[in-house]
Amino acid sequence: MNTAKHLCLILIAAGGLIPPARGQTAVLTLQEALQTGLQRYQSIQAKESYVRAAAENISAVKREYLPDLNLNAQNSYGTINGQNGPFWGYKGWTTGASGQPLPTQNWNAAFGGLYLANISWDLVTFGRQQAKVALAKEQHAANTADLEQERFEHQTRIAGAYLNLLAAQRLRASMEANLRRTEALQRMIVTRALNGLNAGVDSSIANAEVSRARLSLIDAQNYEAAQSNKLAEMMDVPPQSFTLDTFFVARIPPEMMQPAATDSVLKEQPLLRLYQHRILLTESNRRLISRNVMPRLSLMGVLQTRGSGFAADYGAATADKDHFSQAWWDGVHPTRTNYLLGLNLSWTVTDLLRTHAQVARETHHAAGLKHEYSQVYSRLQHQLQLANEQLHNAVRKYAEAPLGVKAAADAFLQKSTLYENGLSNIADLAQALYNINRAETDRDLAYNGVWQALLYKAAVTGDLNIFLNQL
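These numbers come from a predicted model, not from an experiment.

A look at helix α9 (residues 426–461)
Taking 1.5 Å of rise per residue, the 36 residues of α9 would be expected to cover 52 Å, and the 52 Å separating its terminal C-alpha atoms lies within 8% of that figure. Ala 446 marks the point of greatest bend in α9, at about 30°. The first or second residue beyond α9 is Gly 462, which carries a positive phi of 85°.

Quick look at unusual backbone geometry
It is generally the case that most residues other than glycine have a negative phi and that most peptide bonds are trans. Unlike most non-glycine residues, Phe 126 shows phi in positive territory, near 55°. Position of Phe 126 relative to the elements: it lies in the loop between β2 (110–124) and α4 (128–194). Note on Phe 126: relative accessible area 37%, which makes it partly exposed. Phi angles above zero are rare outside glycine, and Asp 236 is one such case at about 60°.

Looking at the pattern of salt bridges
Counted according to the given criterion, the structure contains 18 salt bridges. For Arg 157, the salt bridge is made with Glu 150, and the minimal N-O distance between the two is 3.4 Å. Taking relative accessible area as the criterion, Arg 157 reaches 30% and is therefore assigned partly exposed. Glu 153 is the salt-bridge partner of Arg 157, the closest N and O atoms lying 3.5 Å from each other. Of this pair, Arg 157 and Glu 153 both sit in helix α4, four residues apart, which is roughly one turn of the helix.

Notes on the sheet that holds β2
The sheet built from four strands is open, its strands ordered β1-β2-β3-β4 with antiparallel pairing. Two strands bound the open sheet, and with one partner strand each, they are β1 (68–78) and β4 (336–346). Neighbour-to-neighbour, the strand axes of the sheet open up by a mean angle of 15°, direction not taken into account. Relative to β4, strand β3 (residues 296–308) runs antiparallel, the two being bridged by 11 bridges. For Arg 306, the partnering residue across the bridge sits in β4 and is Arg 336.

Focus on the pairing of β3
In this sheet, β3 lies alongside β2 in antiparallel orientation, the contact comprising 12 bridges. Looking at the pairing, Tyr 115 lines up with Thr 305 of β3.

Focus: the environment of Ala 46
By secondary structure assignment, the location of Ala 46 is in helix α3 (residues 42–63). The exposure class assigned to Ala 46 is partly exposed, which follows from its relative accessible area of 28%.

About the thresholds
- Residues numbered from 1 in each chain as written.
- Predicted model: local features only at pLDDT ≥ 70, side-chain atom pairs only at ≥ 80, totals over all residues.
- Heavy atoms only, no water.
- Helix = DSSP H or I, 4+ residues; strand = E, 2+ residues; numbered from the N terminus.
- Expected span 1.5 Å × (residues − 1).
- Bend = angle between axes of the 7 residues up to and from the residue.
- Buried < 20%, exposed > 50% of the residue type's maximum accessible area, 1.4 Å probe, protein only.
- Salt bridge = Lys/Arg side-chain N within 4 Å of Asp/Glu carboxyl O.
- Pairing = 2+ DSSP bridges.
- Axes fitted to C-alpha atoms, helices over the stretch in contact; angles between N-to-C directions.

Written as structure tokens, this is what we have:
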């Protein structure tokens, strides 16, 4: 066989090594994908709002210790018929009227004014206020831990979707190369069959191989579209075609030379920190409830001034019943003032019974969260061992894949040469074609598999820098 034919077969065998040229488009790096996802993803924005709300709640709870200062001013118009006798102001559905009890009803009316300043301050709460502030701070810490966990998980999801899409694109490229290689063989086999150099059935088998290669390409394109849609969803952007950084299929990270991670790195895992803060939040709530059994020492003060359109001798037995004025200013300008200062110690003794069950409830809740924490920690320990093993095996596959490609390419070249010289059949050639396609696919995914394994290790340990520092 001449040199030109040998060169043609070598190029056919290496068809998957050189992807088809494409127009220059903007490359989406992993860092850009992570930044976009963190900025746009609605779940993260929601948790950021919850953190800000918890921060404002701390200020609100601290201000609950401030005294209650009420200012009141009212003008009224009515009668002041008084009567001896007890009454009960059920829900405040009564009116206040100060005046002498008169022997008969009369309808004399005048203006009156009341001006009031009242202050009430829970001076000593016996730890209740401090417990409220501590609970608010722990709620803020728990919300912050929840936000960090969501950010970490979402970064991991974006990185995983990025690598999956890159693998899908490499798989599609391999299927395109396989189709080109199969079509080249089809043209050669059909030409030889038409010239009577091969059996006519060989061309039918070649046509079938081309059809199978096209079906494989369609499947690869569908898979790529699904992974592209997943990445767009994680970034919260419209579905589109992404051009990714081929850095991940050009080299493996130097992290491979570092020792395997141990259980000690799990202590700072974001998921475990979230469970820790949930436990602390429950314990803070239990302490607050236990403080509710304590009494309150309150300081109170009242300054009150009044005005009335009725004279001081109105209603006296010897006084003129006409000693009142219906002028507005005569009734509303202040003429009498009183003040009151006092301390009030109150203790609802029955709270001892009410809070006992509530404290027990929070104690059991905290115990349940501790069990969940232990379960998650145990699961992460197992996953960490698995991650180290997968990373080791991924490196082994990376080292083995080029050998498989070379062996498959040599076998394909040999079978092609034998077939062209009538020393092999179409079945052997088809098998060699399948083997080289499989070897190229394994090679393309070997690089990606190392990065996927490293990402899994970073996800388990809770430190995404294990992955990002290799970029």
